[in-house]
Amino acid sequence: MRRIVFTGFRGTGKTEIGIRVAQQLNLPFIDTDALIEQKSGRSIPDIFHEDGEERFRVWERDVIATLPTLDVVVSTGGGAVLDPVNMEYLRSDSVCVLLSADIDTIEERLAKKPRPALTAFPLRQEIAELRDRRRHAYRASSDFCLDTTETTPDSAADRVIHLLKNGISTEQQLATAFAFFKTGRIPRPAFSSLEKILISPDRDPQTRILGVAGYPCAHSQSPRLFNALFERYHLNYHYTWFEDPELDEIMDVARAVDAKGLSVTIPFKHDVIEYCDEIDEHAAQQIGAVNTVLFAGGSMIGHNTDWLGIRKPLVAKKGAKAVLLGAGGVARAAVYALLDLDMNVIILNRTPEKAQAIAERFGCAWAPWDAFDKLKPDVVVNATPLGMQPDTRSPLKSDQLNKDMTVFDLVYTPPVTPLIENARKVGCETITGTEVFVQQAREQFYIFFGIDVPETIVRELLT
Ligand code: NAP
């Protein structure tokens, strides 16, 4: 049987519920904190007191790396999920159950059974601070979520076993979702996998779904990449296409199949904000677009990873003078990334009013398109569709570039665009649009699973 791993804040019932689930399933139970005490020969409070939290985390990591992988129930320490290496081990061939409880309940439970303080704050404030700081990591550690505020350990254990045996969706919901996918443009082999997951009599109720939401999105590389990553990290997930002109329809299907998350693409990046219960500060307040949605514990959380995908390849150019071509959706993420790197940003756009509007919103400069030759930037970022079908012209000619410039084309079909070709002819450093996809996909994977995938692996899987 797949390993069952309980994650969550201290006082949410991981050990008490874990023991009962293990008893009912006739499996051994391991509490990683108890194992650390056993291996170190000291109590957790002593390790914290004598060696500090950092040393404790090393013990914790060692213990997690050597846990059995099958036929066992594991309860983890509240901070274990913060370490991406732990997440890689804990998630491999496992089903992760995230437990939560409201702050009054946690405070009451912890008051009865004191644990070492992790901050200098009073208990209630510590709970609030840490839970908030760790919320993304907890969500990433969940295949199933259970709020234990109102439950006894026995009824919570029964609920967990029910979830593991049946999943969340009803057969009716899965059949309706299957009808949606049937009308889409999902390629044959992938469609057969989906059919098996959703409606086959021997379906695995623990298999979870993710997908790309867009219209059109049949060309998306995400299913190929994510499914390869699931195989590599032994995750019981399947990634598919949610292609439909109606975002409402996509959301209904995502809820019906109890999707773990969605990568959101054109034309829904702005409209999807309406559906979110919470949005990260970058996506909501600044960029005004969500490209990653995570479902956890009944909530829908929106993130933007596009800006991180643009920022990462430019980190070495901090403080540079940058010209951004274009003032559409992706240009907003680009401005946010460039400003985050303290660059002096000037936006040029075919319709100058739009450049002005974005520049005013973000507090940077703008100029007419034909001002480019006077600006002499260190970095040029193309955020227009120029270079891809049907308009395959380069936004800049070779003689407008010089070898000291770094040229970053966000267009990724074709992988080497006419702009990149022109820039290479002149001897510029070049960054292709594929790099954005690589980096933003790594960020998405981290949001969904808490695992930090090395860049080399993503590139290897995309070739
Ligand atoms: P968008 O919202 O439609 O904005 C397009 C922008 O390009 C607008 O500023 C538009 O100017 C300008 N533009 C369009 N056609 C032009 C032309 N013929 N000459 C000069 N300017 C032109 O599109 P978007 O979502 O920002 O996406 C832009 C491109 O970025 C896409 O085509 C895609 O290739 C690329 N992209 C790449 C990634 C990645 O992961 N690498 C992610 C997202 C997008 P006006 O304001 O005058 O209309």
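First, a word on scope: everything that follows refers to the structure included in this document. This one's a predicted model, so the numbers in the text were calculated from it and none came from an experiment.

### Things to note about the sheet that holds strand β7 (residues 237-243)
Within the open sheet, the 6 strands sit side by side as β7-β6-β8-β10-β11-β9. Their pairing is mixed. Each end of this open sheet is capped by a strand with a single partner; those strands are β7 and β9 (278-279). Inspection of the sheet shows strand β6 (residues 208-214) paired to strand β8 (residues 261-264) by 4 bridges, in the parallel sense. Directly across from Leu210, in β8, lies its bridge partner Gly261. Strands in contact with helix α11 (residues 188-199) are β6 and β7; relative to β7, the strand with the most contacts, it is inclined by about 110°.

### Things to note about the side chain of Asn349
Its location among the elements puts Asn349 in strand β13 (residues 344-349). The buried category is assigned to Asn349, whose relative accessible area is 10%. Side-chain polar atoms of Asn349 contact the backbone nitrogen of Ala327, separated by 3.3 Å.

### Looking at the packing of aromatic side chains
If you walk through the whole model with that rule in mind, you get 17 aromatic pairs. Taken together, Phe226, Phe230, Tyr233, Tyr237, Tyr239, Phe445, Phe448 and Phe449 form an aromatic cluster joined through their ring pairs.

### Focus on the pattern of salt bridges
Applying the stated rule across the entire model yields 30 salt bridges. Lys269 is paired through a salt bridge with Asp306; the nearest N and O atoms lie 2.7 Å apart. A residue pair is termed long-range when its members are at least 10 positions apart, and Lys269 in the loop between β8 and β9 and Asp306 in helix α15 (residues 306-311) qualify at 37 residues. Judged by relative accessible area, which is 10%, Asp306 ranks as buried. A salt bridge links Asp391 to Arg393, with the nearest nitrogen and oxygen atoms 2.7 Å apart.

### Some thoughts on the state of the cysteines
Counted under the stated rule, the structure contains 0 disulfides. Between Cys96, a free cysteine, and Cys145, which holds the nearest cysteine sulfur, the sulfur-to-sulfur gap is 11 Å. What makes Cys96 buried here is its relative accessible area of 2%.

### Looking at the pairing of β7
The side chains of a regular strand alternate between the sheet's two faces. Judged by how many residues are buried, β7 sits mostly within the fold: 7 of 7 residues are covered. In the sheet, β6 pairs with β7 via 7 bridges, with the strands oriented parallel. Note on β7: the bridge partner recorded for Ala213 is Phe242. Note that the unit made of β6, helix α12 (residues 222-233) and β7 has a crossover that is right-handed.

### A short note on the site of the ligand
Every one of the 21 residues lining the ligand counts as a neighbour, but Ala327, Val330, Asn349, Thr351 and Leu410 are closest to it. Within the side chain of Thr351, a nitrogen or oxygen atom sits 2.4 Å from an oxygen atom of the ligand. Take Leu410: an N or O atom from its main chain is 2.8 Å from a nitrogen atom of the ligand. Here the ligand loses 78% of its free accessible area of 930 Å² to cover by the protein chains. Broken down by element, the shell around the ligand gets its largest block of residues, 3 residues, from helix α20 (residues 433-449). Here the shell around the ligand is built from residues that sort into 11 nonpolar, 7 polar and 3 charged.

What counts and how
Residues numbered from 1 in each chain as written. Predicted model: local features only at pLDDT ≥ 70, side-chain atom pairs only at ≥ 80, totals over all residues. Heavy atoms only, no water. Pairing = 2+ DSSP bridges. Helix = DSSP H or I, 4+ residues; strand = E, 2+ residues; numbered from the N terminus. Contact = heavy atoms within 4.5 Å. Axes fitted to C-alpha atoms, helices over the stretch in contact; angles between N-to-C directions. Buried < 20%, exposed > 50% of the residue type's maximum accessible area, 1.4 Å probe, protein only. Polar contact = N/O pair within 3.5 Å; in protein donor to acceptor, adjacent residues only side chain to side chain. Phe/Tyr/Trp six-rings, centres within 6.5 Å; stacked < 30°, edge-to-face > 60°. Salt bridge = Lys/Arg side-chain N within 4 Å of Asp/Glu carboxyl O. Disulfide = S-S within 2.5 Å. Right-handed = clockwise from strand over helix to strand, strands pointing away. Near = heavy atom within 4 Å. Areas by Shrake-Rupley, 256 points an atom, 1.4 Å probe, with all protein chains shown as cover. Nonpolar A, V, L, I, M, F, W, Y, C, P; charged D, E, K, R; others polar.

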